[in-house]
Amino acid sequence: MRSIRPVQKVIDAFEALPGIGPKSAARLAYYLLNVPQEKLSKFSEALIRLKKDTKLCSLCFNVGEEEFCPVCQDESRDKSQVCVVETSLDLLAFERADGYKGIYHVLGGAVAPLSGIGPNDLRIPQLMARLKTGEIKELILATNPNMEGEATAMYITERMKEMGLRDTVKVTRIGRGLPTGADIEYADGQTLTRALEGRGEM
Ligand SMILES: [Zn+2]
């Protein structure tokens, strides 16, 4: 049975989110019916401002509020070391691990031919442009240890070879300590720190 229209609209919106099925969507919508209007207004205002008040960093494509994200703005970070991650959530996981002092490059996903995501749909051209400046001495490939993540890491090293960048930039891959198929986003800090420390040259 469908709910009355205003409720059903909210159910549909929740159901469109990843990991939320019809039952959870209905539970959340009916829960919100019992929340005071003032709180609901704050919630909806936060949603409205979510995209309006954020910007992607011009250098690393992390989420921030200004042209450069807080990591890139931090002068204590080592700008010669760049950790390549799939998403801003992966970046957050490394930041929570609290041992990494370099900066990042957020690709915006991984190469996935079956879903029609090719290298040019990711921020790989922008990464190559950063590498060409000569400021980067080490590139740490921290894409997920699954098929798409490995393919993405391989593609980046191939591109670097073609561009003659393999001799000037050290390329490492995180791995040891991070089980195959693991999701960086959900890995705990200790595991990520170990995976970073145990990175191997490619
Ligand atoms: Zn940045």
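Predicted model only: the values in this text are computed from it and were never measured.

*Asks:* Go over the domain arrangement of the protein with me, naming the residues and quoting the values.
*Replies:* Along its sequence, the protein is carved into domain 1 (5–52) and domain 2 (72–201). Taken over C-alpha atoms, the centre of domain 1 sits 34 Å from the centre of domain 2.

*Asks:* Lay out the coordination of the zinc ion with the relevant residues and their values.
*Replies:* Note on the zinc ion: its protein donors are C57 (SG), C60 (SG), C69 (SG) and C72 (SG). The metal-donor distances range over 2.3 Å. Coordination at the zinc ion comes from four donor atoms whose angles at the metal span 102 to 116°, giving a geometry best classed as tetrahedral. Donor residues for the zinc ion sit on one chain with the sequence pattern C-x2-C-x8-C-x2-C. Summarising the burial analysis for this pair, C69 and C72 share the class buried.

*Asks:* Provide a residue-level description of the nonpolar core, including the pertinent values.
*Replies:* F94, L131, L139, I156, M160 and I174 are the most contacted members of the largest nonpolar core, which has 44 residues in total. Put simply, the parts of the chain that give this core at least two residues each are α4 (70–73), β3 (78–85), α5 (88–97), β4 (102–106), α6 (124–132), β5 (138–141), α7 (147–162) and α8 (189–197). If we skip the residues at most four places from it in the chain, I156 touches V84, L107, I124, L127, M128, L139 and L141.

*Asks:* Tell me about a nonpolar patch on the surface, and name the residues and values.
*Replies:* A cluster of nonpolar side chains, namely F43, L47 and L50, defines an oily patch on the protein surface of about 310 Å² accessible area. On the secondary structure map, F43 appears in helix α3 (residues 37–52). Given the relative accessible area of 40%, F43 is considered partly exposed.

*Asks:* How would you explain the side chain of R77 if you had to name every residue and give the values?
*Replies:* Turning to its location among the elements, R77 is positioned in the loop between α4 and β3. A polar side-chain atom of R77 sits 2.8 Å from a polar atom in the side chain of E95. Other than its neighbours up to four places away in sequence, R77 contacts V71, E95, Y100, K101, G102, I103 and Y104.

*Asks:* Please provide a residue-by-residue account of the UniProt feature "zinc finger region: C4-type" (unreviewed entry) in the protein, values included.
*Replies:* Those places that UniProt annotates as "zinc finger region: C4-type" (unreviewed entry) correspond, in this numbering, to residues 57–72. Annotated as 19% helix and 12% strand, the span residues 57–72 places its first and last C-alpha atoms 8 Å apart.

*Asks:* Summarise helix α2 (residues 22–33); cite the residues concerned and give the values.
*Replies:* Taking 1.5 Å per residue as the helical rise, α2 with its 12 residues ought to reach 16 Å, and the 17 Å between its terminal C-alpha atoms agrees with that figure. Among the residues of α2, A25, A29 and L32 are the ones counted as buried. Buried residues of α2, seen end-on, are gathered within an arc of 60° and therefore sit on one face of the element. Structural note: α2 exposes K23, R27 and Y31 on the side pointing more than 90 degrees away from its buried face.

*Asks:* So what's going on with the sheet that holds strand β7 (residues 200–201)? Which residues, and what values?
*Replies:* Each strand in a sheet pairs with another by means of backbone hydrogen bonds, the pair being arranged parallel or else antiparallel. A sheet is described by the order of its strands in space; here five strands give the open sequence β4-β3-β5-β6-β7, paired in mixed fashion. Each edge of the sheet is formed by a strand with only one pairing partner; in this case those strands are β4 and β7. In terms of strand pairing, β3 meets β4 through five bridges, oriented parallel. By the bridge assignment for β4, V85 is matched with V106. Lying over the sheet, α5 contacts β3 and β4, oriented at roughly 160° with respect to β4.

Analysis parameters
Residues numbered from 1 in each chain as written. Predicted model: local features only at pLDDT ≥ 70, side-chain atom pairs only at ≥ 80, totals over all residues. Heavy atoms only, no water. Domains from an automatic or database assignment. Donors = N, O, S within 2.8 Å, 3.2 Å for Na, K, Ca; no water. Tetrahedral: all angles 85-135°; square planar, octahedral: opposite > 155°, others 65-115°. Buried < 20%, exposed > 50% of the residue type's maximum accessible area, 1.4 Å probe, protein only. Core = buried A, V, L, I, M, F, W, Y, C linked by side-chain atoms within 4.5 Å. Helix = DSSP H or I, 4+ residues; strand = E, 2+ residues; numbered from the N terminus. Contact = heavy atoms within 4.5 Å. Patch = residues over 30% accessible without salt bridge, like charges linked within 9 Å, V, L, I, M, F, W, Y side chains within 5 Å. Areas by Shrake-Rupley, 256 points an atom, 1.4 Å probe, with all protein chains shown as cover. Salt bridge = Lys/Arg side-chain N within 4 Å of Asp/Glu carboxyl O. Polar contact = N/O pair within 3.5 Å; in protein donor to acceptor, adjacent residues only side chain to side chain. UniProt positions renumbered as here; feature names shortened; annotations may be inferred. Expected span 1.5 Å × (residues − 1). Arc of directions from axis to C-beta. Pairing = 2+ DSSP bridges. Axes fitted to C-alpha atoms, helices over the stretch in contact; angles between N-to-C directions.

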